[in-house]
Amino acid sequence: MSAPSVLPSLAELADGLADGRFSAVELAQACLHRIASSRLNAFIDVKPELTLEQARAADSRLAAGERGPLLGVPIAHKDIFVTRGWRSTAGSRMLADYVSPFDATVVERLAAAGAVCLGKTNCDEFAMGGSNENSHFGPVHNPWDPAAISGGSSGGSAAAVAADLVPAATGTDTGGSVRQPAAMCGVTGIKPTYGRVSRYGMIAFASSLDQAGAFGRSADDCARLLGVMAGFDRRDSTSVERPAEDFGRDLGRDLAGLRVGVPAEFFGDGLDGEVRAAIDAAIAVLGRLGADVRPISLPRTRLAIPAYYVIAPAEASSNLSRFDGVRYGHRATGYRDLADMYARTRAEGFGAEVKRRILIGTYVLSHGYYDAYYLKAQQLRRLIADDFQRAFGEVDVIAGPVSPTVAWDIGAQTDDPVRNYLADVYTLPASLAGLPGLSVPCGFGGAQGRRPIGLQLIGNYFSEARLLGVGHRFQQETDWHRRRAGEV
Ligand code: GLN
């Protein structure tokens, strides 16, 4: 028996493993082979011997009669989660050779469930970016068109799923980094409610926003992955204590009576015409399936970018102060004294975007500017969250675009950081409010119509199961998520 050449759903993989149609070792080998011949630059670290050791352990558990949704299923981790064995770089020169002495909670939970780790995926440095061009290890190419970005910051995970290198992968989303690369690579991605998944062992960017999420082919796959990842962790003080949940419980539910809100502010001037047409068509599908689609308003949407780009850099400047060349990571040589060692280490270890954010963050937190910038941004954050609560008085789910455009060409806007920030306009509001968001493939645009488009569904706190149910119903009706990029 051998592993399938195109990766099927996680449900089919679990069945195939349980029936003995293929083994975890065969599956892992098939994926490792595809990763080795891929030119997408989706992976930063691959260690076949470690992967195969985990696969053999999964095969023993299967042979002993154990069953589980992810037992023997290969996955990959964004290189923001620390792992024993594989390097944990955060896409940075600062941590290029760093190996963690412990596993992140997400890594630990997936390993305990028998998922087999294929390695660490490329990402923007410290998850700062939306195009994966800020990685010390180079950009990730989009499997649909290698000239295009993969989206970021979890670009390696999204591209690896889209190219069938892995069936599913983890990611992190601070301001859109799961939803946006999912949209641009034509896969499904969920960013859960803040606090739903432990941040322990996730290399910190902006702690009040960072949240782990999942990539898969479908809403069903994401529900399976999230089911294992989520849960209270006493090692993360912001992790929420709630009973375990079956995130697949609404997958069979129909949409009759579901109130879907379409915010006018998500369809303004900056939205590309092709993206708009695809989103309109996707929302029309929800309507045909019985949803009650209504216009709503999220009036503070335009304040999300300025609020986020004060709060996130402020937290980043504080979180990244730990990289000083003393405790771990890169250390400069040839320094004069301690202060010079710090300065040279950080000058060499961090890339341009990270430095830009440390400068902005230090500035907005400094005496005399704190009230004008940081405090003001926190007030805006509250107003943005209030907009959502008003909207959720009228509707169950909010639908709109993930990104205003399809993936752009690699290198096309690297000189213009603000232009990159503007691409976050539709993902930042839910991040600032701490709400869950799902991206499902809903069309194509761009040159030769080859660049994917994602529909964003935002729900109220802890409504992941409902969002996944809506995404699943949409995917029963459409085949965007079944199309394959082909390029590896
Ligand atoms: N693009 C946003 C930023 O650059 C979001 C990144 C993220 O979610 N990690 O900060």
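Up top is the structure these notes are about.
Residues numbered from 1 in each chain as written. Predicted model: local features only at pLDDT ≥ 70, side-chain atom pairs only at ≥ 80, totals over all residues. Heavy atoms only, no water.

K.L.:
What is the right way to look at the overall build of the protein in this model?
P.N.:
From N to C terminus, the protein includes 15 helices and 13 strands. The C-alpha atoms of the protein give a radius of gyration of 21 Å, which matches the 23 Å a tight globule of 488 residues would have. Each of the three principal axes of the protein carries a C-alpha extent, and together these read 65 × 55 × 45 Å. Burial status across the protein gives 61% buried among its 488 residues. Taking all contacts inside the protein whose residues are at least 6 apart in sequence as the whole, residues at least 24 apart take part in 76%. For the protein, the accessible surface area stands at approximately 17600 Å², while carbon and sulfur atoms represent 52% of it. (Helix = DSSP H or I, 4+ residues; strand = E, 2+ residues; numbered from the N terminus. Rg over C-alpha atoms; globule rule 2.2 N^0.38 Å. Buried < 20%, exposed > 50% of the residue type's maximum accessible area, 1.4 Å probe, protein only. Contact = heavy atoms within 4.5 Å. Areas by Shrake-Rupley, 256 points an atom, 1.4 Å probe, with all protein chains shown as cover.)

K.L.:
Please explain unusual backbone geometry as it appears in this structure.
P.N.:
Gly152 connects to Ser153 through a cis peptide bond whose omega is 5 degrees. Looking at the secondary structure, you find Ser153 in the loop between β5 (145-149) and α5 (155-162). Even without glycine at this site, Asn132 takes up a positive phi of about 65 degrees. If you trace the backbone, Asn132 turns up in the loop between β3 (116-121) and β4 (141-142). Judged by its relative accessible area of 0%, Asn132 is buried. The phi dihedral of Phe462 falls on the positive side, at around 65 degrees, and the residue is not glycine. Taking relative accessible area as the criterion, Phe462 reaches 19% and is therefore assigned buried.

K.L.:
Can you walk me through the site of the ligand in this structure?
P.N.:
Around the ligand, 15 residues are found, and the nearest of them are Ala127, Gly175, Ser177, Tyr308 and Arg357. Split by residue class, the shell around the ligand holds five nonpolar, seven polar and three charged. (Near = heavy atom within 4 Å. Nonpolar A, V, L, I, M, F, W, Y, C, P; charged D, E, K, R; others polar.)

K.L.:
Please clarify how the state of the cysteines should be interpreted in this entry.
P.N.:
Working definition: the covalent bond between the sulfur atoms of two cysteines is a disulfide. By the definition in use, this model includes zero disulfides. Unpaired in terms of disulfides, Cys185 finds its nearest cysteine sulfur in Cys222, a separation of 14 Å. For Cys185, a relative accessible area of 0% puts it in the buried group. Left without a disulfide partner, Cys442 is nearest to the cysteine sulfur of Cys185, which lies 15 Å away. Using a relative accessible area of 4% as the deciding quantity, one classes Cys442 as buried. (Disulfide = S-S within 2.5 Å.)

K.L.:
Explain the environment of Lys47 to me, please; I cannot follow it from the model alone.
P.N.:
Structurally, the position occupied by Lys47 is in the loop between β1 (43-45) and α3 (48-63). Each residue touching Lys47, except ones within four places of it in the same chain, is listed here: Gly85, Trp86 and Arg87. A distance of 2.7 Å separates a polar atom in the side chain of Lys47 from a polar atom in the side chain of Asp45. (Polar contact = N/O pair within 3.5 Å; in protein donor to acceptor, adjacent residues only side chain to side chain.)

K.L.:
Just to check I follow, could you spell out the pattern of salt bridges for this structure?
P.N.:
Where charged atoms from two side chains of opposite charge approach closely, those side chains can pair. Under the counting rule described, the total for this entry stands at 33 salt bridges. Measuring nitrogen to oxygen at the nearest pair gives 2.9 Å for the salt bridge that ties Asp292 to Arg294. Assessed through its relative accessible area of 31%, Asp292 is described here as partly exposed. Taken together, the shared-partner salt bridges in this structure form one network comprising Arg196, Arg242, Glu245, Arg249 and Glu464. (Salt bridge = Lys/Arg side-chain N within 4 Å of Asp/Glu carboxyl O.)

K.L.:
Please explain the pairing of strand β7 (residues 188-191) as it appears in this structure.
P.N.:
Along a regular strand, successive side chains alternate from one face of the sheet to the other. By the alternation rule, side chains of β7 split into Thr188 and Ile190 and Gly189 and Lys191, which are all buried. Sheet analysis places β7 next to strand β8 (residues 211-216), joined by three bridges and oriented antiparallel. Residue pairing for β8: Gly189 is matched across the bridge by Phe215. Direction of pairing for β7 relative to strand β12 (residues 437-445): antiparallel, over a ladder of three bridges. Opposite Gly189, over in β12, you have Ser439 as the bridge partner. (Pairing = 2+ DSSP bridges.)

K.L.:
Looking at this structure, how should I read the packing of aromatic side chains?
P.N.:
Any pair of aromatic rings gets described here by the distance separating the centres and the angle formed by the planes. Taken as a whole and assessed by the stated rule, the structure comprises 16 aromatic pairs. Note on Phe126 and Phe323: the rings are 5.1 Å apart at their centroids and 50 degrees apart in plane angle, and the pair reads as tilted. You can see Phe126 sitting in the loop between β3 and β4 and its partner Phe323 sitting in the loop between α9 (304-319) and α10 (338-349), a full 197 residues away along the chain. In this structure Phe126 comes out as buried when scored by relative accessible area, which is 1%. Taking the relative accessible area as the measure of exposure, Phe323 reaches 3% and is therefore buried. Seen from the ring of Phe462, Arg242 lies directly overhead, with NZ or CZ sitting 3.9 Å from the centre. (Phe/Tyr/Trp six-rings, centres within 6.5 Å; stacked < 30°, edge-to-face > 60°. Lys NZ or Arg CZ within 6 Å of the ring centre and 35° of its normal.)

K.L.:
Honestly, a nonpolar patch on the surface in this entry has me stumped. Any pointers?
P.N.:
Taken together, the side chains of Val326, Leu338 and Tyr342 present a nonpolar region at the surface, about 260 Å² in accessible area. In this structure, Tyr342 sits in helix α10. (Patch = residues over 30% accessible without salt bridge, like charges linked within 9 Å, V, L, I, M, F, W, Y side chains within 5 Å.)

K.L.:
Which parts of the structure should I look at to understand the packing of helix α8 (residues 273-288) against helix α15 (residues 464-477)?
P.N.:
Two packed helices can be described by the angle between their axes and the distance between those axes. Here α8 crosses α15 at 95 degrees, and the two axes come no closer than 10 Å. With respect to each other, α8 and α15 are oriented roughly perpendicular. Two secondary-structure elements touch here, α8 through Ala282, Val285 and Leu286 and α15 through Val470, Phe474 and Glu477. (Axes fitted to C-alpha atoms, helices over the stretch in contact; angles between N-to-C directions. Parallel < 35°, antiparallel > 145°, perpendicular 65-115°, else oblique.)

K.L.:
Please explain α8 as it appears in this structure.
P.N.:
In an α-helix, one turn spans 3.6 residues; hence positions three or four apart end up facing the same way. Across its 16 residues, α8 extends 22 Å between first and last C-alpha, which sits within 8% of the 22 Å expected from 1.5 Å per residue. Of all the positions in α8, only Val275, Ala278, Ile279, Ala282, Ile283, Val285 and Leu286 are classed as buried. For α8, the angular spread of the buried residues around the axis is 145 degrees, confining them to a single face. Exposed residues pointing more than 90 degrees away from the buried face of α8 are listed as Gly273 and Arg288. (Expected span 1.5 Å × (residues − 1). Arc of directions from axis to C-beta.)

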